[in-house]
2 protein chains.
Amino acid sequence: MVAALVGDPARANMLTALMNGRALTASELAQEAGITPQTASSHLSKLEAGGLVEPEKQGRHRYYRLTDDDVAGVLEGLAGLAARTGHMRVRTGPKDPALRRARICYDHLAGDLGVQMLDTMRERNLVRQKKQDIELTTEGERFLAKHLQISSEMLAHPRRPVCKACLDWSERRHHLAGTLGAAMMQRFAELKWAARDATPGSRVVNFTRTGEKQFAALFGNGKD
Amino acid sequence: MVAALVGDPARANMLTALMNGRALTASELAQEAGITPQTASSHLSKLEAGGLVEPEKQGRHRYYRLTDDDVAGVLEGLAGLAARTGHMRVRTGPKDPALRRARICYDHLAGDLGVQMLDTMRERNLVRQKKQDIELTTEGERFLAKHLQISSEMLAHPRRPVCKACLDWSERRHHLAGTLGAAMMQRFAELKWAARDATPGSRVVNFTRTGEKQFAALFGNGKD
DNA sequence: TTCATGCTTCGATGGTAGCCGAAGCATTGT
DNA sequence: ACAATGCTTCGGCTACCATCGAAGCATGAA
C-alpha cells in the first residue's frame, strides 16, 4: 500500500522535503529525516519501488525527486487532511551563499540564472525536454543564430550531446549542459556579458551590468 | 500523520469498505477487515481521532462513515497511485433481499424508497439537513399540506422531534424519522398507496400500483 | 595505482503497534 | 428485573520493521 510508505515519519520527512519540486541527494534526505545514510537508503529504495520517487544519477551522487505532479498532489491532499486535525509540519528553506545565482558547472552556466535560462527556452519552444533528454527545435536554431551567433555546425561533437539536462546543485532543477550549454556560456564570456570570478577555485560567474540586461532581455522571466 | 492511519492494512480495508458513502457498523467493519471486534474498536477510535471517520450512534449499534468528500478524494488519490504500480483492490457489493426497497423502521418508511424520499425532500428544500438534525422548511409545510394533507399541528409531540435522521439499515444512508416520518407513512397507508406485508413479523411494505405512481410523482428521482 | 566520498547491502537489535482473550459498560428486548 | 447483543477497555503476546554498525561497491580525484 502506498499510504504505508508515506506513513513512516522518516519517509514522510523526505517526501515533504521534496515537495518543492527540487531534487535532493540521498545523504541530504537522510539528514532531513534525521537518520543515518544506510537507513535512508533502505527507505529510498522502498519509495522508489512504490513509484513515489525517481532517482537520477549524477556523478557519485544520487538525486531523488518526486515522480510526478500526481504524487505531489496526493501528498498535498494528505497534508490538508492532517492540517484539519491540528497537526502541521513546517519546512525550512535553503541556506546557501550568493553563488546560487550564477556559477560554472563544468563548462556551462548553472545556478538560478542557468535554471531560469532553460526554463525560458523550454517555455518559448526553443528546446523540447522529455525527462533528461533535450532537443533543439528549429525555432531554437533560428533564435541562437540571430541573438548569439551560434550555428548548429558549431555544436557537433563526436561523443558529447548537443543538449543535456544537468541537475542544478543549488536550485535542484535542470539547467542546460551539452555542447550547446558550453557554447552559450563561452559566448556570454566573449560578449563580455559574464566572466568567471578571478579568485582561483571559485566557480562563481559574475555578470556585467550590460550583460545582465542583455541576458534578461533574452531569458528573463520578469522577476528581476 | 494521517497516512500512517491509512497505511495499516486492516484500517485500509475498513476505509475502502466505506468508500461508497454508506455507513457500516463497527462489527461489520471488523468482518470486512478480517479482525476481531476489539481490534476493530481500537482502529476505529484512531481513525476517528485522525478525523477520517465519524461515528453515529443508532441504538446499540455504532455506524461509521467517512467524514466528508475530501477524505474520500484523498483515498481515491492514494488508490490511484497504488494502481500505477500494479497493486489493486476490489470491493464486493451488497447482498440483501428485496425488502431493501421498502420496509417499516419502527413506524416510518425505510429502505431504498425511504432514502429516496428524504433525498428528494432535501433536494427540493422541503427540509434542511445538518448532520443528524433535520428541520422542516416553510416550503415543506406548504408541500405537505397540499399533497398529503398533513399540517404542522398534527406533528407536535411533547418528547418526540418532528424530524429526525435515521440511518437506513440496507442503504446505510439517512431516511426520515420523527413524527413527520410516522405521519407520512400513516398517510401512505390511509391513501392505500402502501401497506405492511400480511405475513406476521415481516417488516416489508408493499406499494400498490397507483401508490407507486403517486409516490414517484412526489418523490421520484427519475431512476424508476 | 591509491585514497576519499557517496551510497548500498548485510546482520543484529530493539521498540512499537497490531492482535486477541477476557472482562466491563451500554442499550435493547422480554 | 434479567438476559442478550454490540461495543469498548485492559493485559499480555508476538511480529514486523525501522534503526544502526560494519563491510562492500561504485565513482571521482590525486
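Residues numbered from 1 in each chain as written. Chains lettered and ligands numbered in written order. Predicted model: local features only at pLDDT ≥ 70, side-chain atom pairs only at ≥ 80, totals over all residues. Heavy atoms only, no water.

K.L.:
Explain the overall build of chain A to me, and be specific about the residues and the numbers.
P.N.:
The helix and strand tally for chain A stands at 10 helices and 11 strands. Across the 224 residues that make up chain A, the buried fraction comes to 46%. A fraction of 57% describes how many contacts in chain A between residues 6 or more apart in sequence connect residues 24 or more apart. In the form shown here, chain A has an accessible surface area of approximately 12,100 Å², with 52% of it arising from carbon and sulfur atoms. (Helix = DSSP H or I, 4+ residues; strand = E, 2+ residues; numbered from the N terminus. Buried < 20%, exposed > 50% of the residue type's maximum accessible area, 1.4 Å probe, protein only. Contact = heavy atoms within 4.5 Å. Areas by Shrake-Rupley, 256 points an atom, 1.4 Å probe, with all protein chains shown as cover.)

K.L.:
Lay out the relation of the copies chain A and chain B with the relevant residues and their values.
P.N.:
Overlay of chain A on chain B (RMSD 0.3 Å): rotation 179°, translation along the axis 0.1 Å. Both chain copies can therefore be described as sitting about a two-fold axis. Most of the interface of chain A is mirrored in chain B, where 100% of its interface residues again form contacts. (Least-squares fit on C-alpha atoms with pLDDT ≥ 70 in both.)

K.L.:
So, the interface of chain A and chain B: which residues are in play, and what are the values?
P.N.:
Taken together, the contact pairs 21 residues of chain A with 21 residues of chain B. The junction of chain A with chain B conceals about 1,800 Å² of combined surface from both sides, 75% of it contributed by carbon and sulfur atoms. On the surface where chain A and chain B come into contact, there are zero salt bridges. Remark: the boundary between chain A and chain B carries zero residue pairs in polar contact (both at pLDDT 80 or more). Of all elements in the fold, only α1 (2-7) and α5 (69-84) of chain A reach the threshold of two or more residues within the side of chain A that touches chain B. Along the lines of polarity and charge, the residues of the side of chain A that touches chain B split into 12 nonpolar, six polar and three charged. (Buried area = accessible area lost by both parts, 1.4 Å probe. Salt bridge = Lys/Arg side-chain N within 4 Å of Asp/Glu carboxyl O. Polar contact = N/O pair within 3.5 Å; in protein donor to acceptor, adjacent residues only side chain to side chain. Nonpolar A, V, L, I, M, F, W, Y, C, P; charged D, E, K, R; others polar.)

K.L.:
Tell me what's going on with the sheet that holds strand β1 (residues 24-25) of chain A, and back it up with residues and numbers.
P.N.:
Residue and element names in this part refer to chain A. One open sheet holds the three strands; their spatial order is β1-β3-β2, and the pairing between them is antiparallel. Only two strands of the sheet have a single neighbouring strand rather than two, namely β1 and β2 (53-58). Sheet analysis places β2 next to strand β3 (residues 61-66), joined by six bridges and oriented antiparallel. Looking at the pairing, proline 55 lines up with tyrosine 64 of β3. (Pairing = 2+ DSSP bridges.)

K.L.:
Can you lay out the sheet that holds strand β2 (residues 53-58) of chain B for me, pointing to particular residues and giving the numbers?
P.N.:
Residue and element names in this part refer to chain B. In space, the three strands of this open sheet follow the order β1-β3-β2, with antiparallel pairing throughout. Across the chains shown, the open sheet's two edge strands, defined by having one partner strand only, are β1 (24-25) and β2. Sheet analysis places β1 next to strand β3 (residues 61-66), joined by two bridges and oriented antiparallel. Among the inter-strand pairings, leucine 24 is bridged to a residue of β3, identified as tyrosine 64.

K.L.:
Describe in detail the nonpolar core, supporting the description with residues and values.
P.N.:
The tendency in soluble globular proteins is for nonpolar side chains to be buried side by side. Counting 54 residues, the largest nonpolar core has Leu52 and Leu78 of chain A together with Leu52 of chain B as its most contacted members. Sequence-distant contacts of leucine 52 of chain A, that is, excluding residues within four places in its chain, are made with Val2, Leu5, Val6, Leu15, Leu47, Arg65, Leu66, Thr67 and Val71 of chain A together with Leu81 of chain B. (Core = buried A, V, L, I, M, F, W, Y, C linked by side-chain atoms within 4.5 Å.)

K.L.:
Account for the packing of helix α2 (residues 9-17) of chain A against helix α3 (residues 26-33) of chain A, with residues named and values stated.
P.N.:
Residue and element names in this part refer to chain A. Packing of α2 against α3 brings their axes to within 8 Å, and their N-to-C directions diverge by 120°. In terms of their interaxial angle, α2 and α3 are classed as oblique. Considering how the two elements wind past one another, α2 and α3 form a crossing that is right-handed. Taking contact as the criterion, the partners of Ala10, Asn13, Met14 and Ala17 in α2 are, on α3, Leu29, Glu32 and Ala33. Classifying every residue of the contact of α2 with α3 gives five nonpolar, one polar and one charged. (Axes fitted to C-alpha atoms, helices over the stretch in contact; angles between N-to-C directions. Parallel < 35°, antiparallel > 145°, perpendicular 65-115°, else oblique. Left-handed = near helix turned anticlockwise from the far one by under 90°.)

K.L.:
Provide a residue-level description of the environment of leucine 180 of chain A, including the pertinent values.
P.N.:
All names here are of chain A. Among the structural elements, leucine 180 can be located in helix α9 (residues 178-190). Given a relative accessible area of 0%, leucine 180 falls into the buried group. Counting along the chain gives 19 residues from leucine 180 to proline 161, while the straight-line C-alpha distance between them is 8.5 Å. Each residue touching leucine 180, except ones within four places of it in the same chain, is listed here: Met121, Leu136, Leu144, Leu155, Val162 and Cys163.

K.L.:
An account of the protein's contact with DNA strand D is needed here, citing residue identities and associated values.
P.N.:
In the vicinity of DNA strand D lie 22 residues, with Gln38, His43 and Lys46 of chain A together with Ser27 and Ser41 of chain B positioned nearest. Considering the 4 Å shell around the protein, atoms of DNA strand D inside it are sugar or phosphate in 73% of instances. With respect to DNA strand D, the side chain of threonine 39 of chain A contributes an N or O atom lying 3.2 Å from a phosphate oxygen. One of the side-chain nitrogen or oxygen atoms of arginine 62 of chain B is found 3.2 Å away from a phosphate oxygen of DNA strand D. Among the elements that take part in the surface near DNA strand D, helix α4 (residues 37-49) of chain A stands out by supplying four residues, more than any other. (Near = heavy atom within 4 Å.)

K.L.:
Requested: an account of the protein's contact with DNA strand C, with residues and values cited.
P.N.:
With respect to spatial proximity, 22 residues lie near DNA strand C, and among them Ser27 and Ser41 of chain A together with Gln38, His43 and Lys46 of chain B are the closest. Considering the 4 Å shell around the protein, atoms of DNA strand C inside it are sugar or phosphate in 72% of instances. Separating a sugar or linking oxygen of DNA strand C from a backbone N or O atom of arginine 60 of chain A is a distance of 3.4 Å. Here a base nitrogen of DNA strand C and a side-chain polar atom of glutamine 38 of chain B are 2.6 Å apart. Elements represented by at least two residues in the surface near DNA strand C include exactly α3, α4 and β3 of chain A together with α2 (9-17) and α4 (37-49) of chain B. Here the element with the most residues in the surface near DNA strand C is α4 of chain B; it accounts for four residues.

K.L.:
So, the confidence of the model for chain A: which residues are in play, and what are the values?
P.N.:
Residue and element names in this part refer to chain A. Mean pLDDT over chain A: 83, with 86% of residues reaching 70 or higher. Confidence, expressed as mean pLDDT per element, reaches its minimum in chain A at strand β8 (residues 164-167) with 76 and its maximum at helix α7 (residues 138-148) with 95. Confidence over residues 87-98 falls short of pLDDT 50; this stretch has eight contacts with residues more than four positions distant or in other chains. (pLDDT = per-residue confidence, 0-100.)

K.L.:
Summarise α4 of chain A; cite the residues concerned and give the values.
P.N.:
In an α-helix, one turn spans 3.6 residues, which is why side chains three or four residues apart end up on the same side. All names here are of chain A. Compared with the 18 Å implied by 1.5 Å per residue over 13 residues, the 18 Å span of α4 between its first and last C-alpha is a close match. Taken together, the buried positions of α4 are Ala40, His43, Leu44 and Leu47. The arc that holds every buried residue of α4, seen down its axis, measures 100°, which confines them to one face. Along α4, the residues that are exposed and aim more than 90 degrees away from the buried face are Gln38 and Ala49. Elements in contact with the buried residues of α4: α1, α2, α3, β2 and β3. Looking one or two residues past α4, glycine 51 carries a phi angle of roughly 75°, positive in sign. (Expected span 1.5 Å × (residues − 1). Arc of directions from axis to C-beta.)

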